2 protein chains.
Amino acid sequence: MIETLLSQMQQGNRRALSRLLTQIENNPQTAEQILQSIYTQTGNAHIVGITGSPGSGKSTLVTELAKAFRQCNLKVAIIAVDPSSPFSGGALLGDRVRMNELAGDKGVFIRSLASRGSLGGLAKAAHQMAKLLDAAGYDLILIETVGAGQSEVDIVHTAHTTVVIEAPGMGDGVQSIKAGILEIADILVVNKADMPGSSKTINQLKGMLHLGPIGGTRHHGRIVKEVKLTQEESSTIWQIPVLPTSATEGEGIDQLADTVLAHRTHLEANDQWAEREKERSEQEMNQLIQERLMAYLQEKVPQSLLQEKITAVANREVDLFTAVDELLQKLEE
Amino acid sequence: MIETLLSQMQQGNRRALSRLLTQIENNPQTAEQILQSIYTQTGNAHIVGITGSPGSGKSTLVTELAKAFRQCNLKVAIIAVDPSSPFSGGALLGDRVRMNELAGDKGVFIRSLASRGSLGGLAKAAHQMAKLLDAAGYDLILIETVGAGQSEVDIVHTAHTTVVIEAPGMGDGVQSIKAGILEIADILVVNKADMPGSSKTINQLKGMLHLGPIGGTRHHGRIVKEVKLTQEESSTIWQIPVLPTSATEGEGIDQLADTVLAHRTHLEANDQWAEREKERSEQEMNQLIQERLMAYLQEKVPQSLLQEKITAVANREVDLFTAVDELLQKLEE
């Protein structure tokens, strides 16, 4: 049944794609089966993570960006991730209705992904869905998420290019809170650039990027601050741009779209695309190996023994290290 | 040599304690040896995670809180964690000099922990240091960290009680950004309560806590929002308080200290203390098991083969799942 859906998907059947995405979201075992089937057909899409706090106009910006890519005849998929914190009640991305204006276009596919339980699971599902959309032939996959913490960092980590959206008028205190989010940016956007305070925000962001001697630049995926680079190394550096946009007015969108595509070109020209793919593969393999080894342990070691050891450690009857060594010895029996 | 230092530490030698903490920070293998020796002597201290953004007056508040606990003749250790983001340059906790006023007191021990490389490593080191300070007889261990992301969440997760500090006058936009931090709070503090806007901030926080039908309450470590609870269950619920303080004026500090101690009493009265210890032990064991299994794999599987598989997956010559299965088969050979 999965095989049928996959072959329908390859022929452009959107309903089959949608059903496969639902399987990935809801059923980890089927997700593995799907990914195993399509894995060697992936690796072509440009995955773009887009994050910004509520009120930054992210949703409209993503819509406009998708339209700009469509002008170049690129197929675009959007995965809108909503971590629905207990405090947000899931309404943070409520303006997704605006995306309806893209709905008639067969070159666009939109999918929402809601939080069910663990945030780690959310990042994994978004990542797996992006792989399926890649295999389905989408050129650009935009993963849109609220900039609220590590889960977002994890989600955008699966991206080749990360866009962080700010809105003008956020106080100085906010900047430091957001440092963690800013550190992952390949492109910074100040949306609502027609609003008062936007040039101040742009300057603040540029200032933060230039704290170090050579500015806010990224070299092999790391922000480079204190290291002096050779000329050859400098040419491989991506200068993080700060772009003003006004999504509701459609201003600055084309430049943003061009910059996103230029980032891919930059990565490819410097072998960084291949390097990022390799790093990502290594991470995925390590994670899967850990999952498999833990499953193996749980199969070999009786649950009752595991619980007994946990209780003994919690009660300080035995130390952690001795308890774990004793459990692992069971693997060799 | 470690054994000598440990026995000196047990006799109250602060220099030995300090040297052991340095070992834990710098040398993972020695850290294991130390922890194995002292593990069964831990479990008495009340670990309190305190997080707040720069400008919230966290450092002064922690100093005053330590003084309040000293009034009750409780021994206090402070671990000040500075994740020194590339954007902060490590100056965020620069006002730690104020803690000098505690320096003459033998019942107080202060230790800074700077980021070296991975933030995950920082959380682990803070956690391990807390265990040593626990074994050294400190009644309260305050882990102070900047509220800037997942690393802080990880750090305070090792705590029995988590205090989140806000300052008045932060805009509405900030609140949603901080939702991730607020979700971990057992106690919310609005410091600088003498400043304009403090009652607005207090009301905003109370409002956020009361979005759900039964308010911002924590039941067995989870925020409870939509579940109706029986009367018996309700009695086990911790109502998250929002406390105003003015650390520089010394106002509200005694109430905060009392509330921190009351939280321990609450956890103990409802078996939640033991439950949290058990959850923590389980997490620690799982993490150690994973480390050990990965080390075992690396010992058994040649590095060259691992690299070969990673490249093949990155180039989409083989799918992730098949590659991992082939690697794991090496374990059985």
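Residues numbered from 1 in each chain as written. Chains lettered and ligands numbered in written order. Predicted model: local features only at pLDDT ≥ 70, side-chain atom pairs only at ≥ 80, totals over all residues. Heavy atoms only, no water.

**Student:** Would you mind going over the pattern of salt bridges in detail, with residue names and values included?
**Tutor:** Going through the model one piece at a time under the given rule, you end up with 26 salt bridges over all chains. One salt bridge connects Arg292(B) with Asp325(A), and the closest N-O pair in it is separated by 3.7 Å. Of this pair, Arg292(B) sits in helix 12 (residues 272-300) while Asp325(A) sits in helix 14 (residues 320-329), on two different chains. Judged by relative accessible area, which is 24%, Arg292(B) ranks as partly exposed. Note that Lys67(B) is salt-bridged to Glu64(B), the shortest N-O span being 3.3 Å. Residue Lys67(B) and its partner Glu64(B) are located together in helix 4 (residues 58-71), separated by three residues, close to a single helical turn. On the basis of relative accessible area, Lys67(B) is assigned to the partly exposed category, the value being 28%. Residues participating in the shared-partner salt-bridge network are Glu32(A), Arg292(A) and Asp325(B). (Salt bridge = Lys/Arg side-chain N within 4 Å of Asp/Glu carboxyl O. Helix = DSSP H or I, 4+ residues; strand = E, 2+ residues; numbered from the N terminus. Buried < 20%, exposed > 50% of the residue type's maximum accessible area, 1.4 Å probe, protein only.)

**Student:** Which residues make up the layout of surface pockets, and what values do they have?
**Tutor:** Approximately 550 Å³ is the volume attributed to the second largest pocket. Along the walls of the second largest pocket sit 16 residues, with Leu293(A), Tyr296(A), Leu331(A), Tyr296(B) and Leu331(B) positioned nearest its centre. Counting residues per element, the ones that place at least two in the lining of the second largest pocket are helix 12 (272-300) of chain A together with helix 12 and helix 14 (320-329) of chain B. Top element by residues in the lining of the second largest pocket is helix 12 of chain B. It accounts for five residues. (1 Å grid on protein atoms, 1.4 Å probe; cavity = no way out; pocket = protein on both sides within 12 Å on 5 of 7 lines; lining within 4 Å. Points joined across faces, edges and corners; volume = space filled by probe spheres on them.)

**Student:** Report on the side chain of Lys309(B), specifying residues and quantitative values.
**Tutor:** Within the fold, Lys309(B) resides in helix 13 (residues 303-314). Under the relative-accessibility criterion, Lys309(B) is labelled buried at 15%. Polar contacts involving the side chain of Lys309(B) include one to the side chain of Glu326(B), which spans 2.4 Å. Ignoring anything within four residues of it in the chain, the contact list for Lys309(B) reads Met285(A), Ala323(B), Glu326(B) and Leu327(B). (Polar contact = N/O pair within 3.5 Å; in protein donor to acceptor, adjacent residues only side chain to side chain. Contact = heavy atoms within 4.5 Å.)

**Student:** With reference to specific residues and values, describe the packing of helix 11 (residues 253-269) of chain A against helix 12 of chain A.
**Tutor:** All names here are of chain A. Viewed as axis vectors pointing N to C, helix 11 and helix 12 meet at an angle of 85°, and their least axial separation amounts to 5 Å. Judged on the interaxial angle alone, helix 12 and helix 11 are roughly perpendicular. Residue-level inspection shows His 263, Arg 264, His 266, Leu 267 and Glu 268 of helix 11 in contact with helix 12, the latter providing Gln 272, Trp 273 and Arg 276. Its residues placed into classes, the contact of helix 11 with helix 12 shows two nonpolar, three polar and three charged. (Axes fitted to C-alpha atoms, helices over the stretch in contact; angles between N-to-C directions. Parallel < 35°, antiparallel > 145°, perpendicular 65-115°, else oblique. Nonpolar A, V, L, I, M, F, W, Y, C, P; charged D, E, K, R; others polar.)

**Student:** Got a sec to walk through the environment of Thr201(A)? Specific residues and values, please.
**Tutor:** Residue and element names in this part refer to chain A. With respect to the helices and strands, Thr 201 occurs in helix 9 (residues 198-209). What makes Thr 201 buried here is its relative accessible area of 3%. Taking the C-alpha atoms as reference points, Thr 201 and Glu 166, separated by 35 residues in sequence, lie 8.3 Å from one another.

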